[in-house]
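Letter by letter, the chains look like this.
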Amino acid sequence: MNRVRASYERMLDHTRKDLVINRESSFVRDTRAQREKVHDSADDMIFAERVHLTNVKKSMEDHLKRVQERITELDEAREFVNICIKERSQVLELINGSLFAVRSGRVDASGKRSSSPAPPATPSAAPLSAMTIEAERAIQFAAEVRQRSMQERKPAKSNLAEAEKLVSAARRAVNDGLAGKVAETVKLNEQLTYGIAENRHAINRAQRWYDTSERAFGAAEGPESTYLLQTREKLERPILRTFQKHPGNQLPEAQLMIQARDNLRRSLDNTVRSVESMWLTQQSLIENAREKSGAADADSSAVRLRRRKANHRWVVSAPQLARVDTL
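Okay, so let's go over this structure. Owing to the predicted nature of the structure, the values given are computational and were not obtained by experimental measurement. (Residues numbered from 1 in each chain as written. Predicted model: local features only at pLDDT ≥ 70, side-chain atom pairs only at ≥ 80, totals over all residues. Heavy atoms only, no water.)

### Quick word on the overall build of the chain
Now for step 1: Along the chain, the regular secondary structure elements total eight helices and zero strands.
Now for step 2: Total accessible area computed for the chain in this model is approximately 22000 Å², and 55% of it derives from carbon and sulfur atoms. (Helix = DSSP H or I, 4+ residues; strand = E, 2+ residues; numbered from the N terminus. Areas by Shrake-Rupley, 256 points an atom, 1.4 Å probe, with all protein chains shown as cover.)

### A short note on the packing of helix α1 (residues 2-29) against helix α8 (residues 318-325)
Now for step 1: Interhelical geometry of α1 versus α8 gives an angle of 95° and a closest axis separation of 10 Å. When the axis of α1 is compared with that of α8, the two are roughly perpendicular. Contact residues: Arg16, Leu19, Val20, Arg23 and Glu24 in α1; Gln320, Leu321, Arg323, Val324 and Asp325 in α8.
Now for step 2: Among the residues making up the contact of α1 with α8, the classes are represented as four nonpolar, one polar and five charged. (Axes fitted to C-alpha atoms, helices over the stretch in contact; angles between N-to-C directions. Parallel < 35°, antiparallel > 145°, perpendicular 65-115°, else oblique. Contact = heavy atoms within 4.5 Å. Nonpolar A, V, L, I, M, F, W, Y, C, P; charged D, E, K, R; others polar.)

### Re the side chain of threonine 15
Now for step 1: Note that threonine 15 resides in helix α1.
Now for step 2: With residues near it in sequence (within four places) discarded, threonine 15 still touches Leu53, Val56 and Lys57.

### Thoughts on unusual backbone geometry
Now for step 1: Residue histidine 312 is not a glycine yet carries a positive backbone phi of 60°.
Now for step 2: For histidine 312, the position within the fold is in the loop between α7 (253-308) and α8.
Now for step 3: A residue is classified by how much of its surface remains accessible, and histidine 312, at 12% relative accessible area, is buried. (Buried < 20%, exposed > 50% of the residue type's maximum accessible area, 1.4 Å probe, protein only.)

### Regarding the packing of aromatic side chains
What characterises a pair of aromatic rings is the spacing of the ring centres plus the angle enclosed by the ring planes.
Now for step 1: With the rule as written, the count across this model stands at zero aromatic pairs.
Now for step 2: Here lysine 17 stacks its cationic end above the ring of tryptophan 314, 5.5 Å away from the centre of that ring.
Now for step 3: Its guanidinium or amino end placed over the ring of phenylalanine 217, arginine 265 lies 4.3 Å from that ring's centre, counting from NZ or CZ. (Phe/Tyr/Trp six-rings, centres within 6.5 Å; stacked < 30°, edge-to-face > 60°. Lys NZ or Arg CZ within 6 Å of the ring centre and 35° of its normal.)

### Description of the nonpolar core
Now for step 1: Core analysis: the biggest nonpolar cluster contains 21 residues, and Tyr8, Met11, Val56, Met60 and Val67 have the highest contact counts within it.
Now for step 2: Secondary structure elements with two or more residues in this core: α1, α2 (41-92) and α5 (156-221).
Now for step 3: The residues contacting valine 67, other than those within four sequence positions of it, are Met1, Val4, Arg5, Tyr8 and Glu152.
Now for step 4: Core analysis: the second largest hydrophobic core is formed by six residues, Ala42, Val174, Ala302 and Val303 among them. (Core = buried A, V, L, I, M, F, W, Y, C linked by side-chain atoms within 4.5 Å.)

### Let's talk about a positive patch on the surface
Now for step 1: Judged by side-chain charge, Arg3, Arg146, Arg153 and Lys154 come together as a positively charged surface patch.
Now for step 2: For arginine 146, the location among the structural elements is in helix α4 (residues 133-153).
Now for step 3: Owing to a relative accessible area of 55%, arginine 146 belongs among the exposed residues under this scheme. (Patch = residues over 30% accessible without salt bridge, like charges linked within 9 Å, V, L, I, M, F, W, Y side chains within 5 Å. Salt bridge = Lys/Arg side-chain N within 4 Å of Asp/Glu carboxyl O. Lys, Arg positive; Asp, Glu negative; His and termini not counted. Charge placed at Lys NZ, Arg CZ, Asp CG, Glu CD.)

### A closer look at the environment of phenylalanine 80
Now for step 1: Mapped onto the elements of the fold, phenylalanine 80 is located in helix α2.
Now for step 2: You can call phenylalanine 80 partly exposed: its relative accessible area is 31%.
Now for step 3: Between the alpha carbons of phenylalanine 80 and isoleucine 139 there is a distance of 9.0 Å; along the sequence they are 59 residues apart.
Now for step 4: The residues touching phenylalanine 80, leaving out its near neighbours within four places in the chain, are Glu134, Arg137 and Ala138.

### A closer look at the pattern of salt bridges
Think of it this way: side chains of opposite charge can pair up when their charged atoms draw near.
Now for step 1: All told, the structure shown has 20 salt bridges when counted by the stated rule.
Now for step 2: Residue aspartate 40 pairs with lysine 181 through a salt bridge whose shortest N-O separation is 3.4 Å. Taken together, the positions of aspartate 40 in the loop between α1 and α2 and lysine 181 in helix α5 put the pair 141 residues apart, joining distant regions of the chain. For the pair aspartate 40 and lysine 181, one class covers both residues: buried.
Now for step 3: In this structure, aspartate 269 and arginine 265 form a salt bridge, with 3.9 Å as the shortest nitrogen-oxygen distance.

### Description of the environment of lysine 157
Now for step 1: Within the fold, lysine 157 resides in helix α5.
Now for step 2: On the basis of relative accessible area, lysine 157 is assigned to the exposed category, the value being 69%.
Now for step 3: In this structure, the C-alpha to C-alpha distance between lysine 157 and tyrosine 8, residues 149 residues apart in sequence, is 9.7 Å.

### Section: the side chain of arginine 70
Now for step 1: For arginine 70, the position within the fold is in helix α2.
Now for step 2: On the accessibility criterion, arginine 70 (12% relative accessible area) is buried.
Now for step 3: Beyond its immediate chain neighbours, meaning those up to four positions away, arginine 70 contacts Met1, Val145, Arg148, Ser149 and Glu152.

### As for the environment of glutamate 184
Now for step 1: By the secondary structure assignment, glutamate 184 is in helix α5.
Now for step 2: Separated by 108 residues in sequence, glutamate 184 and lysine 292 have C-alpha atoms that sit 9.9 Å apart.

### Side note on the packing of α1 against α5
Now for step 1: Close contact between α1 and α5 brings their axes to 11 Å; oriented N to C, the two are set at 15°. The angle between α1 and α5 places the two elements in the roughly parallel class. Remark: the crossing between α1 and α5 carries left-handed chirality. Residue-level contacts link Val4, Ser7, Tyr8, Met11, Asp18 and Arg29 of α1 to Ala156, Asn159, Leu160, Ala163, Glu164, Val167, Arg171, Leu178 and Lys181 of α5. (Left-handed = near helix turned anticlockwise from the far one by under 90°.)

Dropping the structure here:
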């Protein structure tokens, strides 16, 4: 029973340490950015592991409590039997030597000499004999306690194996889930990095288009003053006025140039707004990539923490043990 108790205590200690690891894994994942704290499959697996570990801890505590009761009963039975043995030893010292002759077959119980030796028999319980009622009760109590201890010891191996199998499966599921989450986050980070490069390429194209259009707009506006125009470039010359007085001889070049300049101005304004929008998108993509990288680092830290403490060769602090016992 002491070995069974030691096995239960070791399993209970490992379960408590696994609960501490589970809480620390949750704390490490809480260091992620706010937008990365969306409930995911890794959170579900960590919560499921916590539930399984809590159930195993309660089961081990119940088994350990029953084993401790059996050990206490065994100690009481041993003490009771030792007391009876001491009393019977004192009584046997006072028994007459003629009892040896009766047991050896030289004389019978009535005092007559017997020819054939009789086999020794266990004396019946009597107040003045070696087998008293108290001794019989002590032997019976010890037998009952031993039987209950055997019934408690038989399923111990299967209980420990089942608990270890459940804990190992939950631990392996959480480790695999966190590793898969790290791989998924890294893949998303790579896609975001590719999106950042593509968006930057689009910004450069838009900026080049804006610069070219701005130069074209400057050329379309023409000279800054009429003094810079030659005479043949002016539309108010007398010959042109006379030409335009006839129907169908209008010169729409000026209006077309004004419309083209206005359209080009609107295109430049739209390009500016597009570039500003793409810059905002660029900043958002960079921020998302940084948060994804931080989330991957946090999950990787949780995986390393679990693997580093998986051997249970470390000591649980008092505050950690108090938080675990409250579960």
